Amino acid sequence: MISPDRTPPTTQIQPIGMTTDGQPIYPWTATAPLIQQAPLKAYPVGAYVAGGCLGVLALAVVGTVLVAVLIGLSIALVVLAIAVVALTICVLVLRSMWRDHLNNR
């Protein structure tokens with residue numbers, strides 16, 4: 001069982017009676033104590049939305065550039081492969097012609 005707080009309030013209020021064990025009984029105050037409200041914190045929602053949109057836009061630009069670079073790199077590698085095959089054929093033909101030239105002397 002919780003016993004009531006019997007300490008006198010900070011203001012000078014006269015007790016309205018006594019308990020059986022000799023403790024004074026003080027009346028309840030008419031007004032409730034004021035509770036300090038925490039100040040409202042304003043969040044810049046517009047800045048958050050703008051930052052998110054900017055992030056999505058930057059990601060789209062970076063993705064587009066990355067895809068373009070990869071396509072360009074793949075085209076460059078295909079061109080390099082064709083050049084290597086052409087050079088190999090050229091070297092083989094020239095070697096064959098050189099051997100024919102040396103054998104015909």
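Analysis parameters
- Residues numbered from 1 in each chain as written.
- Predicted model: local features only at pLDDT ≥ 70, side-chain atom pairs only at ≥ 80, totals over all residues.
- Heavy atoms only, no water.
- Helix = DSSP H or I, 4+ residues; strand = E, 2+ residues; numbered from the N terminus.
- Buried < 20%, exposed > 50% of the residue type's maximum accessible area, 1.4 Å probe, protein only.
- Areas by Shrake-Rupley, 256 points an atom, 1.4 Å probe, with all protein chains shown as cover.
- Patch = residues over 30% accessible without salt bridge, like charges linked within 9 Å, V, L, I, M, F, W, Y side chains within 5 Å.
- Salt bridge = Lys/Arg side-chain N within 4 Å of Asp/Glu carboxyl O.
- Contact = heavy atoms within 4.5 Å.
- pLDDT = per-residue confidence, 0-100.

Asker: Looking at this model, I keep getting lost on the overall build of the protein. Mind explaining?
Answerer: Along its length, the protein carries one helix and two strands. Of the regular secondary structure in the protein, the N- to C-terminal order runs β-β-α. Counting across all 105 residues of the protein, residues that qualify as buried make up 1%. Surface exposure of the protein reaches about 10000 Å², of which carbon and sulfur atoms provide 72%.

Asker: Explain a nonpolar patch on the surface to me, please; I cannot follow it from the model alone.
Answerer: On the surface, a nonpolar cluster with roughly 570 Å² of combined accessible area is contributed by Leu 66, Leu 70, Leu 73, Leu 77, Leu 80 and Val 84. Locating Leu 77 in the fold gives a position in helix H1 (residues 45–103).

Asker: Looking at this model, I keep getting lost on the environment of Gln 14. Mind explaining?
Answerer: With respect to the secondary-structure elements, Gln 14 resides in the segment before strand S1 (17–18). Separated by twelve residues in sequence, Gln 14 and Tyr 26 place their C-alpha atoms 6.9 Å apart. Filtering out sequence-adjacent residues up to four positions away, Gln 14 remains in contact with Tyr 26 and Pro 27.

Asker: What's the story with the confidence of the model for the protein in this structure? I'm lost.
Answerer: Low pLDDT marks stretches whose predicted atomic positions should not be read closely. The predicted model of the protein averages 87 in pLDDT, with 85% of residues at 70 or higher. Of all helices and strands in the protein, the one with the weakest mean pLDDT is strand S2 (residues 24–25) (82), whereas H1 scores best (96).

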